[in-house]
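Single-letter residue listing:
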Amino acid sequence: MTQAEREQENGKEKEKEREKEKEKEQRGVKRPIVPPVIPEPLQEQIQSNFIVVIHPGSKTLRLGRATDTLPATIPHVIARRHKQSGQPRYEDPWLLREGLNRPESNEQRQNGLKMVDQAIWSKKMSNGVRRTPVCADQARLYNRQMRPAVLDTSPRVKWTNTSQHPEFLVGEEALYVNPADCYSVHWPICRGHLNIHTGPSGSLTAVLADLEAIWSHAIQKFLEIPLKDLKYYRCILLIPDIYNRQHVKELVNMLLVNMGFSAIVVHQESVCATFGSGLSSACVVDVGDQKTSLCCVEDGVSHRNSRLCLAYGGSDVTRCFFWLLQRAGFPYRECQLSNRLDCILLQQLKETFCHLDQDISGLQDHEFRTRFPDSPALLYQLRLGDEKLQAPMALFYPATFGIVGQKMTSLQHRSQGDPEDPHDEHYLLGTQSKQEQSSKATAERKALSKPAGFEGESCSQGADPSERGHSQDMELGQSHNDCLMGGTDMEEPPSALLSRKTAVTQFEGKALGLDKAILHSIDCCASDETKRKMYSSILVVGGGLMFHRAQEFLQHRILNKMPPSFRRVVENVEVITRPKDMDPRLIAWKGGAVLACLDTTQEMWIYQREWQRFGARMLRERAAFVW
């Protein structure tokens, strides 16, 4: 073997040894798998008339182009034709709900009404005079004697024509489907969340199919956009402040993948409400048909600890008003809460008669008309007293609703984790804990290497647990402290954790009045400066509190109940019910349209191809709130 050949052999052996060493190193050190990098969104000029803003409510859907002055507003309901003959008819309840027919429901209702009456009589009218006592028996006797007058024998209102046997009907057409026809009626959203239940079409798949059908129909009919052209459009979706992550993920998937929008932005209703009203900071009180949500928003950021959702709204006031009408001898005796058209009538009566004006006192005469398919138009006379004030006041004394055994207050809780998103906040908390442990071990090794009796050693070790918890709070910020009392679960001793969870459970079991809920939400803000801002800007949106003098009534109650320490420093408590003279029901949608035009929105778009590749991780990366 020549010298050159020997050198070549040696070189090969050395290369093999190097490779073996590399393999050993790789086996010895576990390196984390780096997730694929999400590219930054493209900064391109977006035309607002190619952006659709969707605000889904429990009873009403609002959608339109971002350039539209007003959105299309349709009842959020669908009627589906039965697939088999003889199939039982099913209808989701509207004004009825669970927890109303318990043995103690009526007693609770009566107790609530006593508190309402006490509040009414304790306050004088604006001229300083006490209210005129109302004789309930006198009104009852008058109403029971009343008989309707026939206005028109030929009914002008007709049932929806189903002679073509359409597979489904949406909105007003679905509301006026004849109960004798083979259609089941579904409301796909209940109290702000997907209406998943054990009855027919109550599965997640069925509810999403109903939503897709309603939204697609509305886009084609009201916006005149063919579904095949949605690939040229983007979408802004408004979601509740306390959202269900799984539901939001499914909705985004439906809009991007099933319906085919090219990109989407998801944002919270409360933040959009501040955009729509032109306020930088506000305590947003959204009184909807089935839920009331509260949240403090500061400079476009929703304070997570201040989020609160109450499981009552305008529908509950309507049902309470019907109960009070019955006590007063309501002359339309055939009225039933299970009848869809009667529900529509009761909503109209509430909107027409109810108020929060303490100066309206004594008995007044009213009239109303009923126009139903297959029936003549009738005119009813009606005499009412305090019932018109008592019903809306139930929002401040929710015991009057008579709901027993139901969860009436919800708070923002930590995510349960998502298998599709392994790098969620649980992962961050876990890795952060490991980093702390390793840094602690390093510190201990350094301490051991120092001379005995080194100053501060015992002090630093003794203070470690509390400091560690505090540093974690500071590092994560308040947004990660989801429960009512703040703090992180894993850092607390079991006894403290148990007591806090018990406190939260008890709190969630209570039905808070609207004024107390506002005070609680503001009190959850971090600093006194923020609290002062919130007291001076309480923004009321949604259609559930659109009663005459509601602004003055709510303002008076907040002033009376706010902590004395703030009464001295807050210059004025301001309740805003109609910012810029806009309809409060449209403010959140309008904010979504404003969002479409902001430069900062460029960074929030989730594109269809990105969603198909990265899934739910895109919401954590691009959402303007902590996912």
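Numbering of residues begins from 1 in every chain and follows the order in which that chain's sequence is written. Given that the model is predicted, a residue must reach a pLDDT of at least 70 before its local features are reported, and side-chain atom pairs must reach 80 or more before they are shown or counted; all residues, however, enter totals for whole chains, interfaces and linings. The side-chain values count all of the structure's non-hydrogen atoms but skip hydrogen atoms and water molecules.

- In the nomenclature of an unreviewed UniProt entry, the chain corresponds to Actin-related protein 8 from the organism Albula goreensis.
- UniProt positions are given in the numbering used here, feature names are shortened, and annotations may be inferred rather than shown by experiment. Comment text from UniProt for the chain, heading Sequence similarities (unreviewed entry), reads "Belongs to the actin family. ARP8 subfamily."
- Taken verbatim from the UniProt record of the chain, the Subunit (unreviewed entry) comment is "Component of the chromatin remodeling INO80 complex; specifically part of a complex module associated with the DBINO domain of INO80. Exists as monomers and dimers, but the dimer is most probably the biologically relevant form required for stable interactions with histones that exploits the twofold symmetry of the nucleosome core."

Some details on the pattern of salt bridges
Move 1: Think of a salt bridge as a Lys or Arg side-chain nitrogen and an Asp or Glu carboxyl oxygen that are within 4 Å of each other. In the structure shown here, the tally under the stated rule is 23 salt bridges.
Move 2: One salt bridge in this structure joins aspartate 386 and arginine 131, with 2.8 Å as the shortest N-O distance. Pair noted here: aspartate 386 is in the loop between strand E17 (377-384) and helix H10 (387-393) and arginine 131 is in the loop between helix H2 (105-122) and helix H3 (136-145), with a separation of 255 residues, a long-range link.
Move 3: When a residue's accessible area, from a 1.4 Å probe over protein chains only, is under 20% of the maximum for its type it is buried; when over 50% it is exposed; and in between it is partly exposed. Judged by its relative accessible area of 9%, aspartate 386 is buried.
Move 4: Via salt bridges that share partners, Arg80, Glu167 and Asp210 belong to a single interconnected network. Helix and strand definitions here come from DSSP, where helices need a minimum of 4 consecutive H or I residues and strands a minimum of 2 consecutive E residues; each element is numbered from the N-terminal end.

Thoughts on the sheet that holds strand E6 (residues 168-170)
Move 1: When DSSP finds two or more bridges between two strands, those strands count as paired. A sheet is described by the order of its strands in space; here three strands give the open sequence E6-E4-E7, paired in antiparallel fashion. Since the sheet does not close on itself, it has two edges, and those belong to E6 and strand E7 (183-186), each with one partner. Recorded for the sheet is a direction-independent mean angle of 20 degrees between the axes of neighbouring strands.
Move 2: Bridging between strand E4 (residues 78-81) and E6 involves three bridges; their strand directions are antiparallel. Looking at the pairing, alanine 79 lines up with leucine 169 of E6.
Move 3: Note on definitions: a residue-residue contact is assigned when non-hydrogen atoms from the two residues lie within 4.5 Å. An axis is simply a line fitted to the C-alpha atoms; with a helix, the fit covers only the stretch in contact. Between two such axes, the angle follows the N-to-C directions and lies from 0 to 180 degrees. Relative to E4, helix H5 (residues 204-222) is tilted by about 110 degrees, and along the sheet it contacts E4, E6 and E7.

Brief notes about the nonpolar core
Move 1: Here the nonpolar core consists of buried residues drawn from Ala, Val, Leu, Ile, Met, Phe, Trp, Tyr and Cys, with membership extended through side-chain atoms lying within 4.5 Å. If you look at the biggest cluster of nonpolar residues, it comprises 85 residues, and the most contacted ones within it are Ile518 and Leu545.
Move 2: Ile38, Leu61, Leu211 and Leu223 belong to the second largest nonpolar core, which has 45 residues in total.

Examining the environment of isoleucine 74
Move 1: Turning to its location among the elements, isoleucine 74 is positioned in strand E3 (residues 72-75).
Move 2: Considering only alpha carbons, one finds isoleucine 74 and valine 170, 96 residues apart in sequence, at a separation of 8.6 Å.
Move 3: Residues contacting isoleucine 74, with those up to four places away along its chain left out, are Lys59, Thr60, Leu61, Val170, Ile214, Ala218 and Phe222.

Thoughts on the packing of aromatic side chains
Move 1: Each Phe, Tyr or Trp ring (for Trp, its six-membered ring) is paired with any other whose centre lies within 6.5 Å, and the angle between the two planes then decides the class: stacked below 30 degrees, edge-to-face above 60, tilted in between. Overall, the coordinates contain 13 aromatic pairs when judged by the stated rule.
Move 2: On the numbers, 5.5 Å between centres and 45 degrees between planes, the contact of tyrosine 535 with phenylalanine 566 is tilted. Of this pair, tyrosine 535 sits in helix H16 (residues 528-535) while phenylalanine 566 sits in helix H18 (residues 564-569), placing them 31 residues apart in sequence. The pair formed by tyrosine 535 and phenylalanine 566 is uniform in burial state, with each residue classed as buried.
Move 3: A connected cluster of aromatic rings, assembled from ring pairs, spans Phe322, Phe330, Tyr332, Phe368, Phe372 and Tyr380.
Move 4: Consider the ring centre and the ring normal. A charge sits over the ring if Lys NZ or Arg CZ is within 6 Å of that centre and within 35 degrees of that normal. Above the plane of the ring of tryptophan 323 lies arginine 109, whose end atom (NZ or CZ) is 5.4 Å from the centre.
Move 5: One Lys or Arg, arginine 327, reaches over the ring of tryptophan 323 and ends 5.4 Å from the middle of that ring.

Thoughts on the sheet that holds strand E2 (residues 60-65)
Move 1: Strand order across the open sheet formed by six strands is E3-E2-E1-E10-E11-E21, with mixed pairing between neighbours. Looking along the sheet, the strands with just one partner apiece sit at the ends: E3 and strand E21 (606-607).
Move 2: Of the pairings in the sheet, the one linking strand E10 (residues 234-239) to strand E11 (residues 263-268) comprises six bridges and is parallel in character. Among the inter-strand pairings, cysteine 235 is bridged to a residue of E11, identified as isoleucine 264.
Move 3: Sheet strands in contact with helix H6 (residues 245-258) are strand E1 (51-56), E10, E11 and E21, and its direction is about 150 degrees off that of E11.

Quick look at helix H7 (residues 269-277)
Move 1: Buried residues dominate H7, accounting for eight of its nine residues.
Move 2: Listed as buried for H7 are Glu269, Ser270, Val271, Cys272, Ala273, Thr274, Gly276 and Ser277.
Move 3: Just downstream of H7 lies glycine 278, where phi reads positive at about 80 degrees.

A look at the pairing of E1
Move 1: Most of E1 is tucked away: six of the six residues are buried.
Move 2: Residues Ile51, Val53 and His55 point to one face of E1 and Val52, Ile54 and Pro56 to the other, with burial holding for every one of them.
Move 3: Two elements, E1 and E10, share four bridges in a ladder whose sense is parallel. Across the sheet, valine 52 pairs through a bridge with cysteine 235, a residue of E10.

Overview of the packing of helix H15 (residues 514-523) against H16
Move 1: Viewed as axis vectors pointing N to C, H15 and H16 meet at an angle of 150 degrees, and their least axial separation amounts to 9 Å. For the pair H15 and H16, contact is made by Leu519, Ile522 and Asp523 and by Lys531, Met534 and Tyr535, respectively.
Move 2: Among the residues forming the contact of H15 with H16, the class breakdown is four nonpolar, no polar and two charged. Gly counts as polar in this scheme, as do all residues outside two lists: the nonpolar Ala, Val, Leu, Ile, Met, Phe, Trp, Tyr, Cys and Pro, and the charged Asp, Glu, Lys and Arg.

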